[in-house]
Amino acid sequence: MSWSEIWLWVQDNTWVATVFLIILGSLVGRLVVKFVFDRLERVSSATENVYDDAFIHVARQPVGWAILIFGILAAAAVVRDNTAAGILDVVPQVREVTAIALLVWFAVRFIRKVSDTLAGQQKDKDDVATIDAVGKLLRVSVMITGFLIALQSLGFSIEGVLAFGGIGGIALGFAARDMLANFFGAFLLLLDKPFAVGDWIRSSQMEIEGTVEHIGWRVTRIRTFDKRPLYVPNSNFSNITIENPSRMTNRRINETIGIRYDDVSILPYVLADVRTMLKEHIEIDKNQILMVNLNEFNDSSADFFIYTFTITTDWARFHEIKEDVLLKIAQIIEGHGAEIAFPTQTVHIHQAVLAEKS
């Protein structure tokens, strides 16, 4: 065969070069993807986020195979368009099914990787079992969904399958409802972080009060102040109001004190000295509101109140400071020759009545 004949054949069959370039580009692209993922894994390993590590680790193989397979299918499409190979007419369907299979493969591996990582971080066997069960449920759901989409892309009618699957899905949904609710409740707790391990929390709606010991994927364990363990399903925290006293910025002293009516004339001096004492007290937060005022004329006393905040939020230390403040107030009252009132009744007898009896 002469060079002219070879050249004419090449001109008539340029698609062969196209096929060669597509295959070569796919192989080069797969090598580039390997290099890129190697760099990404080194970067992600420096972070504490487990999800980016799982994503990069799991995506490596599906992306690499996607470049290679879609390159081969693209080359097969070129051959189909330039030859009479009828067998290659299935290339579009194969491309769709391959894309679905690769996505399902990635999703299943990602779910498994994340669930294994989360399970490895748990100490409670019940939490490990819950994570494993939810992971299996998600993987099965992804595989069934991918299978149905693949059937649809191949031209099969899946209405009957969906009708049967709908009944099964309803039954499965009822069976796994509480488990999934608790799992997503735990996810919201970790996302919103209304409390953490070691916090003191309480809720009047469910009579919950104690220290958080463990936040699991199914239940949260709370140790009440009488040392009883309390296990609360995580789904309950989505429907109740939680108070977290551990995150308070200050503790409040709000007390009412009464003095005798005989000492009302010196009450302004008592109030002034109490204000001075509180302003000079090293444990009182001067940046918060501070009030000392006459509040009420009661049946047997003239009442004044103190309203202020301590710097500390520690419960035991707060009571020590409150005790010190109250004792200092008692000393101030006594120092002015006054007395703290207690319930008494004074009987006044008119002079005319005394004269008549005498």
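Going by the structure above, here's the rest.
Quick caveat: nothing in here was measured; it's all calculated off a predicted structure. (Residues numbered from 1 in each chain as written. Predicted model: local features only at pLDDT ≥ 70, side-chain atom pairs only at ≥ 80, totals over all residues. Heavy atoms only, no water.)

> What exactly am I supposed to notice about the overall build of the protein chain here?
Counting its regular elements, the protein chain contains nine helices and seven strands. Burial analysis of the protein chain (358 residues in total) assigns 31% to the buried set. (Helix = DSSP H or I, 4+ residues; strand = E, 2+ residues; numbered from the N terminus. Buried < 20%, exposed > 50% of the residue type's maximum accessible area, 1.4 Å probe, protein only.)

> Just checking my understanding: could you explain unusual backbone geometry for this structure?
Glycine aside, a negative phi is what most residues show, and trans is what most peptide bonds show. Look at Glu207: it is not a glycine, yet its phi comes out positive at around 55°. As for its position among the elements, Glu207 is in the loop between β1 (200-203) and β2 (208-215). Phi is positive for Lys227, which is not a glycine, with a value near 70°. Along the chain, Lys227 falls in the loop between β3 (219-223) and β4 (229-233). In this structure Lys227 comes out as exposed when scored by relative accessible area, which is 62%.

> I'm lost on the packing of aromatic side chains in this one. Help?
Counted under the stated rule, the structure contains five aromatic pairs. Ring plane angle 75° and centroid distance 5.6 Å describe the contact between Trp200 and Phe225, whose orientation is recorded as edge-to-face. Of this pair, Trp200 sits in strand β1 while Phe225 sits in the loop between β3 and β4, and the two are 25 residues apart along the sequence. Geometry around Trp65 places Arg30 over its ring, the cationic atom sitting 4.4 Å from the centre. (Phe/Tyr/Trp six-rings, centres within 6.5 Å; stacked < 30°, edge-to-face > 60°. Lys NZ or Arg CZ within 6 Å of the ring centre and 35° of its normal.)

> Mind showing me how you'd approach the sheet that holds β1 here?
The strands making up a sheet associate through hydrogen bonds between their backbones, and the pairing can be parallel or antiparallel. Pairing in this open sheet of four strands is antiparallel, and the strands run β1-β2-β3-β4 from one edge to the other. Only two strands of the sheet have a single partner each, and these edge strands are β1 and β4. Taking the axes of each pair of neighbouring strands and ignoring which way they run, one obtains an average angle of 45° across the sheet. Where β1 and β2 come together, four bridges link them in antiparallel fashion. Within the sheet, the bridge partner assigned to Arg202 lies in β2 and is Glu209. (Pairing = 2+ DSSP bridges. Axes fitted to C-alpha atoms, helices over the stretch in contact; angles between N-to-C directions.)

> Just to check I follow, could you spell out the pattern of salt bridges for this structure?
Between side chains of opposite charge, a pair can form when the charged atoms approach closely. Taken as a whole and judged by the stated rule, the model has twelve salt bridges. Taking the shortest distance from any N to any O, the salt bridge between Glu243 and Arg202 comes out at 2.9 Å. Pair noted here: Glu243 is in the loop between β4 and β5 (251-259) and Arg202 is in strand β1, with a separation of 41 residues, a long-range link. Residue classification places Arg202 among the partly exposed positions, given a relative accessible area of 28%. (Salt bridge = Lys/Arg side-chain N within 4 Å of Asp/Glu carboxyl O.)

> Is there a simple way to think about helix α7 (residues 267-280) in this case?
Because the α-helix completes a turn every 3.6 residues, residues three or four places apart line up on one side. A rise of 1.5 Å per residue sets the reference length of α7, with its 14 residues, at 20 Å; its end C-alpha atoms lie 20 Å apart and thus fit the reference within 8%. Restricting attention to buried positions, one finds in α7 the residues Leu267, Val270, Leu271, Val274, Met277 and Leu278. The buried side chains of α7 occupy one side of the element, clustering within an arc of 125° when seen end-on. Summarising the geometry of α7, the exposed residues directed more than 90 degrees from the buried face are Pro268, Tyr269, Lys279 and Glu280. (Expected span 1.5 Å × (residues − 1). Arc of directions from axis to C-beta.)

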